[in-house]
Amino acid sequence: MTDQVEGPTAAQTGDPIMLAAFEGWNDAGSAATQALEHLHDVWAAEQVDELDPEEYHDFQVNRPVVGPGPDGRREITWPTTSVAVATAPRSGRQVVLVHGIEPSMRWRRYCRELLDIAATLGVKTVVTVGALLADVPHTRPIPVTTTSEDPEVREHMGVESNSYEGPTGIVGVLQHEAEARGMHALSLWAAVPHYVAHPPSPKATLSLLGSLESLLGEPVPLGELPEDAIAWQHGVDELSAEDTEIAEYVHQLEEAKDTAELPEASGEAIAQEFERYLRRRDKGTGG
């Protein structure tokens, strides 16, 4: 079940807000980067900046790609980080979308450059979006956890601090550096079933978009994503049915999930989903 996002915060006011997701270690099933790509498409974001890949990438790890360009001539695409700006249709606020590959080197300089761009664009809140592999069943709602080390964010939104200890990725470093600058910072993480880790993971992407929709107070057109999520789940159902060990393992995960979260459909969760439905209906963006 998704952590509840309550109360007005910097993330729900009219100030520009940055959403950042990175391919690689922080992006199980490509769920996080595909959520931002979806927002980029449905909100017609325009690229405003990019980081020089020479500074941050080992091209033997993240190799450039060669292929035909828009004019048919062969060109090389480098593994850069792009910064795009979209205007949320209902509120009119600016949403800065950062999409890149986790850098190979100079992480602190990388974060400084991104946050310098954010400051230039008037951003006061940075939301990092990630996805991790977890012991969760594909047949239940994909959990999305919202955390923050910012006391003001925790107080207004009713979220917890992150208790994780261990190796971190660029998502954790960027959040830390944003807080050090006095920006509001929070992080969203989707839990992707580890036994179906190969991208895409449309059900996890859909859950992340639902959490971002609640965070921003802005309806998000979903297009074919709900149908893709259903098809994905049916496909995994068929694969697990062919292997009795996997089927039994999924059943154990289902029992553990249901025991931990009964009742699944609380009155608060139902009310939140109904409010989300009304926002989409009012804007004619139901998916």
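Anything mentioned here points back to the structure above.
Residues numbered from 1 in each chain as written. Predicted model: local features only at pLDDT ≥ 70, side-chain atom pairs only at ≥ 80, totals over all residues. Heavy atoms only, no water.

## Overview of the pattern of salt bridges
- A full pass over the atoms with the stated rule returns three salt bridges.
- Among the salt bridges present, the one from Arg181 reaches Asp116, with a minimum N-O distance of 2.7 Å. Of this pair, Arg181 sits in the loop between α4 (170–180) and β9 (184–193) while Asp116 sits in helix α2 (residues 107–120); the two residues are 65 residues apart in sequence, bridging distant segments of the chain.
- On the basis of relative accessibility, which here comes to 38%, the residue Arg181 falls in the partly exposed class.
- Looking at Asp116, the relative accessible area reads 41%, which means it is partly exposed. (Salt bridge = Lys/Arg side-chain N within 4 Å of Asp/Glu carboxyl O. Helix = DSSP H or I, 4+ residues; strand = E, 2+ residues; numbered from the N terminus. Buried < 20%, exposed > 50% of the residue type's maximum accessible area, 1.4 Å probe, protein only.)

## What about the sheet that holds strand β2 (residues 46–51)?
- If you trace the seven strands from one edge of the open sheet to the other, you get β2-β5-β6-β1-β7-β9-β8, paired in mixed fashion. If you trace the sheet from one side to the other, it starts and ends with β2 and β8 (144–147), each paired once. In this sheet, adjacent strand axes meet at a mean angle of 20 degrees when their direction is disregarded.
- Examined bridge by bridge, strand β5 (residues 81–87) and strand β6 (residues 94–101) share six bridges and lie antiparallel to one another. Paired with Val85 across the bridge in β6 is Val96.
- Across the sheet, helix α1 (residues 31–42) is in contact with β1 (17–23), β5, β6, β7 (125–134) and β9; its angle to β1 comes to roughly 135 degrees. (Pairing = 2+ DSSP bridges. Axes fitted to C-alpha atoms, helices over the stretch in contact; angles between N-to-C directions. Contact = heavy atoms within 4.5 Å.)

## Points about α2
- End to end, α2 covers 20 Å across 14 residues, agreeing with the expected 20 Å (1.5 Å per residue, within 8%).
- Residues Tyr110, Cys111, Leu114, Leu115, Ile117 and Ala118 constitute the buried set of α2. The buried residues of α2 occupy an angular sector of 155 degrees when the element is viewed end-on, so they sit on one face. Residues of α2 that are exposed and angled more than 90 degrees away from the buried face: Arg108 and Thr120.
- Buried residues along α2 sit in contact with β1, β2, β5, β6, β7 and α4.
- Directly beyond the C-terminal end of α2, a positive phi value near 85 degrees is found at Gly122. (Expected span 1.5 Å × (residues − 1). Arc of directions from axis to C-beta.)

## Details of the pairing of strand β3 (residues 65–68)
- Bridge analysis of β3 against strand β4 (residues 74–77) gives four bridges, and the strand direction is antiparallel. Paired with Val66 across the bridge in β4 is Ile76.
- Once β3 ends, the chain turns through five residues before running back antiparallel as β4, passing Gly72 with a positive phi of about 90 degrees.

## Observations regarding the packing of aromatic side chains
- A complete count under the given rule lists four aromatic pairs for this structure.
- With a centroid separation of 5.1 Å and 80 degrees between ring planes, the pair formed by Tyr56 and Tyr110 is classed as edge-to-face. Residue Tyr56 is found in the loop between β2 and β3, and its partner Tyr110 is found in helix α2; the two are separated by 54 residues along the sequence. Comparing Tyr56 with Tyr110 shows no difference in burial state: the two are buried.
- With a centroid separation of 6.1 Å and 80 degrees between ring planes, the pair formed by Tyr195 and Tyr249 is classed as edge-to-face. Pair noted here: Tyr195 is in the loop between β9 and α5 (202–216) and Tyr249 is in helix α7 (residues 244–261), with a separation of 54 residues, a long-range link.
- Among the aromatic residues, ring-to-ring pairing joins Phe22, Tyr56 and Tyr110 into one connected group. (Phe/Tyr/Trp six-rings, centres within 6.5 Å; stacked < 30°, edge-to-face > 60°.)

## A closer look at the nonpolar core
- By size, the foremost hydrophobic cluster in this structure holds 37 residues, and its most contacted members are Leu19, Leu39, Trp43, Val127, Val129, Leu208 and Leu212.
- Within the residue set of this core, elements represented by two or more residues are β1, α1, β5, β6, β7, α3 (151–157), β9 and α5.
- Top contributing element to this core by residue count: α5, with six residues.
- Not counting chain neighbours up to four residues away, the residues in contact with Val129 comprise Ala20, Ala21, Ala32, Leu36, Val171, Leu188, Leu208 and Leu212.
- Of all hydrophobic cores here, the second largest spans 25 residues; its members include Ala20, Phe22, Tyr56 and Ala178. (Core = buried A, V, L, I, M, F, W, Y, C linked by side-chain atoms within 4.5 Å.)

## Points about the packing of α1 against α5
- Contact pair α1 / α5: the axes reach a minimum separation of 8 Å and the direction vectors enclose 60 degrees. As far as their axial angle goes, α5 and α1 are oblique. Read as a crossing pair, α1 and α5 show a hand that is right-handed. Seen from α1, the contacting residues are Ala31, Ala32, Gln34, Ala35, His38 and Leu39; seen from α5, they are Ala204, Thr205, Leu208, Leu209 and Leu212.
- Residues that form the contact of α1 with α5 fall into these classes: eight nonpolar, three polar and no charged. (Parallel < 35°, antiparallel > 145°, perpendicular 65-115°, else oblique. Left-handed = near helix turned anticlockwise from the far one by under 90°. Nonpolar A, V, L, I, M, F, W, Y, C, P; charged D, E, K, R; others polar.)

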